[in-house]
Amino acid sequence: DQKVNALVLDPARRRVYVSTDITADANSAPPTQTTGQLVSFDMDALSVRRQQAIAPEATHNRVHALLPTGEVLAQAGRDLFGWDAEAGRLRSLGSVPEGFREVVHDPVGRLWASIGGKIGRLHVEGSGLRFDPMIEDEGRFLQVAGETLYYTVGFEVCSVGVKGS
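The text that follows walks through the structure, step by step, so that each part is easy to find.

Calculation notes
- Residues numbered from 1 in each chain as written.
- Predicted model: local features only at pLDDT ≥ 70, side-chain atom pairs only at ≥ 80, totals over all residues.
- Heavy atoms only, no water.
- Helix = DSSP H or I, 4+ residues; strand = E, 2+ residues; numbered from the N terminus.
- Polar contact = N/O pair within 3.5 Å; in protein donor to acceptor, adjacent residues only side chain to side chain.
- Pairing = 2+ DSSP bridges.
- Axes fitted to C-alpha atoms, helices over the stretch in contact; angles between N-to-C directions.
- Buried < 20%, exposed > 50% of the residue type's maximum accessible area, 1.4 Å probe, protein only.
- Contact = heavy atoms within 4.5 Å.
- Salt bridge = Lys/Arg side-chain N within 4 Å of Asp/Glu carboxyl O.

Now for the side chain of R110. In this structure, R110 sits in the loop between β9 (100-105) and β10 (111-115). At a separation of 2.6 Å, a polar atom in the side chain of R110 contacts the side chain of D106. Engagement of the side chain of R110 in a polar contact is seen with the backbone oxygen of V162, the distance being 3.1 Å.

Within the open sheet, the four strands sit side by side as β9-β10-β11-β12. Their pairing is antiparallel. The open sheet has two free edges, formed respectively by β9 and β12 (128-135), since each of these has just one partner strand. The mean inter-strand angle of the sheet, taken between neighbouring strand axes irrespective of direction, is 30 degrees. Bridge analysis of β9 against β10 gives five bridges, and the strand direction is antiparallel. Its bridge partner being in β10, V104 is matched across the sheet by W112.

Here we come to unusual backbone geometry. A positive phi angle, close to 55 degrees, is found at L46, a residue other than glycine. One can find L46 in the loop between β3 (38-42) and β4 (47-52). Its identity as a non-glycine residue notwithstanding, E57 has a phi of 70 degrees, on the positive side. Turning to its location among the elements, E57 is positioned in the loop between β4 and β5 (61-66).

Mapped onto the elements of the fold, H123 is located in strand β11 (residues 118-125). Its relative accessible area of 18% is what places H123 among the buried residues. A distance of 3.0 Å separates polar atoms of two side chains, one belonging to H123 and the other to D132. For H123, the contacting residues outside a window of four places in its chain are G128, L129, R130 and D132.

On to the pattern of salt bridges. Here the structure, examined in full by the defined rule, presents twelve salt bridges. Salt-bridge contacts for R101 lead to E138; the nearest nitrogen and oxygen are separated by 2.7 Å. Of the two residues, R101 sits in strand β9 while E138 sits in the loop between β12 and β13 (140-145), which places them 37 residues apart along the sequence. Look at E138 and you get partly exposed, because its relative accessible area is 42%. Residue E136 is joined to K118 by a salt bridge in which the shortest nitrogen-to-oxygen separation is 3.6 Å. Taken together, the residues span a long stretch of sequence, with E136 in the loop between β12 and β13 and K118 in strand β11 at a distance of 18 residues. By relative accessible area, which is 26% here, K118 ends up partly exposed. Among the charged side chains, a salt-bridge network with shared partners connects R15, D42, R49 and E86.

Just distances and angles here, no functional claims.
Put into structure tokens, the structure is as follows:
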């Protein structure tokens, strides 16, 4: 019933964070579990460090990216959280913005997001998020390598420098 739907890698802490959805067996029978999970794996010990639900009955969870705070940006339904996987704490970051697609972090810890048909910087401010659009493209599959942000628009692969952004 638990199906992994996203993965965030933290090479500095040597952790892999995953999220799960609850999916019945090809919809042929009702699911035997009711709550998706967030899971932290230790890359060296090859063991689960923490497994927890965001909320009871939250069947669709998703990890998105590492936050500058060291937390993992996690989603349950229409709500976003900062997840401190070491302590097991969840901090509310508000509702998912309209048109929210994805988030990545660059080598210096800045967040880049695709929201509402634009690409830009995502900032964590207290108990919320602020989005500064910078590119008028509905980008998908964001990736950062060095000082370049790569994304797709339709069938095209695009890139833009992010140094100093």
